[in-house]
Amino acid sequence: MSVSTAAYFARRAAQKERVQILYRRALRDTLNWAVHRHLFYQDASNLREKFDANNHVEDLDAIDRMIAEGEARYNKWRHPDPYIGFSWSLASFLSHCPLPLSGFQASKNQIS
């Protein structure tokens, strides 16, 4: 295998990884915009069609341009307030170290 062939395959592998990361990010962000699951499924299908439309492109420079355009479009339309799921580690922390109630003071009668 020549150096140019190895460089070609390395560049293609890097491009495939960037496309996969972009697709996963966009798909996760679609969940932030969709209120109901049936809306998410339609948006996810549309997103997949956009990615599949360019699946046939072989020119490395064109692929790099499309990835850059896709990343720019994703950053422009990314949800400003993404949903952050429940964290069990936070729940475990709060159950072991409960936060004191504001304005609550224990008297001697309540402690005994």
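Because the structure is predicted, anything quoted here is derived from the model rather than measured.

Basis of the calculations
Residues numbered from 1 in each chain as written. Predicted model: local features only at pLDDT ≥ 70, side-chain atom pairs only at ≥ 80, totals over all residues. Heavy atoms only, no water. Salt bridge = Lys/Arg side-chain N within 4 Å of Asp/Glu carboxyl O. Helix = DSSP H or I, 4+ residues; strand = E, 2+ residues; numbered from the N terminus. Buried < 20%, exposed > 50% of the residue type's maximum accessible area, 1.4 Å probe, protein only. Contact = heavy atoms within 4.5 Å. 1 Å grid on protein atoms, 1.4 Å probe; cavity = no way out; pocket = protein on both sides within 12 Å on 5 of 7 lines; lining within 4 Å. Points joined across faces, edges and corners; volume = space filled by probe spheres on them. Nonpolar A, V, L, I, M, F, W, Y, C, P; charged D, E, K, R; others polar.

Draft legend 1. Layout of the pattern of salt bridges. Per the counting criterion, the structure on display carries four salt bridges. Here Arg11 ties to Asp64 by a salt bridge, and the two come within 2.5 Å at their closest N and O atoms. Of the two residues, Arg11 is situated in helix 1 (residues 3–33) and Asp64 in helix 3 (residues 60–77); the sequence distance between them amounts to 53 residues. In this structure, Glu71 and Arg18 form a salt bridge, with 3.2 Å as the shortest nitrogen-oxygen distance. Residue Glu71 is located in helix 3, and its partner Arg18 is located in helix 1; the two are separated by 53 residues in the primary sequence. Of the residues examined, Glu71 reaches a relative accessible area of 25% and is grouped as partly exposed. Residues joined in a network through salt bridges with shared partners are Arg11, Asp61 and Asp64.

Draft legend 2. The side chain of Thr30, seen in detail. The topology assignment puts Thr30 in helix 1. Judged by relative accessible area, Thr30 falls into the buried class, the value being 12%. With near-sequence residues (within four places) excluded, Thr30 lies in contact with Phe40, Asp43, Ala44 and Leu47.

Draft legend 3. Region of the structure containing the layout of surface pockets. Taken as a whole, the largest pocket holds about 1100 Å³ of empty space. Around the largest pocket sit 30 residues that line it, and Leu22, Tyr23, Leu47, Lys50 and Phe51 are the ones nearest its centre. Mapped onto the lining of the largest pocket, the elements with two or more residues apiece are helix 1, helix 2 (37–53) and helix 3. Sorting elements by how many residues they give to the lining of the largest pocket places helix 1 first, with 12 residues. The residue makeup of the lining of the largest pocket, split by class, is 13 nonpolar, seven polar and 10 charged.

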